[in-house]
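The chain contents come next:
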Amino acid sequence: MNERDRTRYLYFASVSRLAFAWLMASLIFGMLMPFMPRLYLAFRDAFIHALAVGFIAHIITAYAPILMPGLLSRRMPYRGLSITPAYLISVGNI
């Protein structure tokens, strides 16, 4: 692979791994909701945040550098791709 493709692949792979980790966490919280009646609201909120903020935000973060340049008729940047925003979303969600 050339440098541009390798950088794009590594960025997309790492952010999508974080996204699917949040998806797994939301599924676990969703399955625990019926079994914990006292903590139902806490697990419901954790489920919603893990799915909406964790999974969906990371998927948008992973796909945006790939989709937006094509929509704007520009080349995709690859030198400025940073995983830091994905980590900040995760830390903020935790």
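Definitions and limits used
- Residues numbered from 1 in each chain as written.
- Predicted model: local features only at pLDDT ≥ 70, side-chain atom pairs only at ≥ 80, totals over all residues.
- Heavy atoms only, no water.
- Phe/Tyr/Trp six-rings, centres within 6.5 Å; stacked < 30°, edge-to-face > 60°.
- Helix = DSSP H or I, 4+ residues; strand = E, 2+ residues; numbered from the N terminus.
- Buried < 20%, exposed > 50% of the residue type's maximum accessible area, 1.4 Å probe, protein only.
- Core = buried A, V, L, I, M, F, W, Y, C linked by side-chain atoms within 4.5 Å.
- Contact = heavy atoms within 4.5 Å.

Participant: For this particular structure, what's the right way to read the packing of aromatic side chains?
Facilitator: Each aromatic ring pair is specified by the distance between its two centres and by the angle formed by the two planes. The final tally for this structure, using the stated rule, is three aromatic pairs. On the numbers, 5.7 Å between centres and 55 degrees between planes, the contact of Phe-20 with Phe-55 is tilted. Of the two residues, Phe-20 is situated in helix α1 (residues 3-32) and Phe-55 in helix α2 (residues 40-71); the sequence distance between them amounts to 35 residues. On the accessibility criterion, Phe-20 (45% relative accessible area) is partly exposed. The exposure class assigned to Phe-55 is buried, which follows from its relative accessible area of 18%. Taking the centre distance of 6.1 Å and the plane angle of 40 degrees together, the rings of Phe-29 and Phe-43 count as tilted. Of this pair, Phe-29 sits in helix α1 while Phe-43 sits in helix α2; the two residues are 14 residues apart in sequence, bridging distant segments of the chain. According to the relative accessible area criterion, Phe-29 is partly exposed, its value standing at 25%.

Participant: Sorry if this is basic, but what is going on with the nonpolar core here?
Facilitator: One broad rule of soluble globular proteins: the nonpolar side chains tend to lie buried together. One finds Ala-19, Trp-22, Leu-23, Ala-50 and Phe-55 forming the largest nonpolar core, which totals five residues. Discounting chain neighbours no more than four positions away, the residues touching Ala-19 are Phe-55, His-58 and Ile-59.

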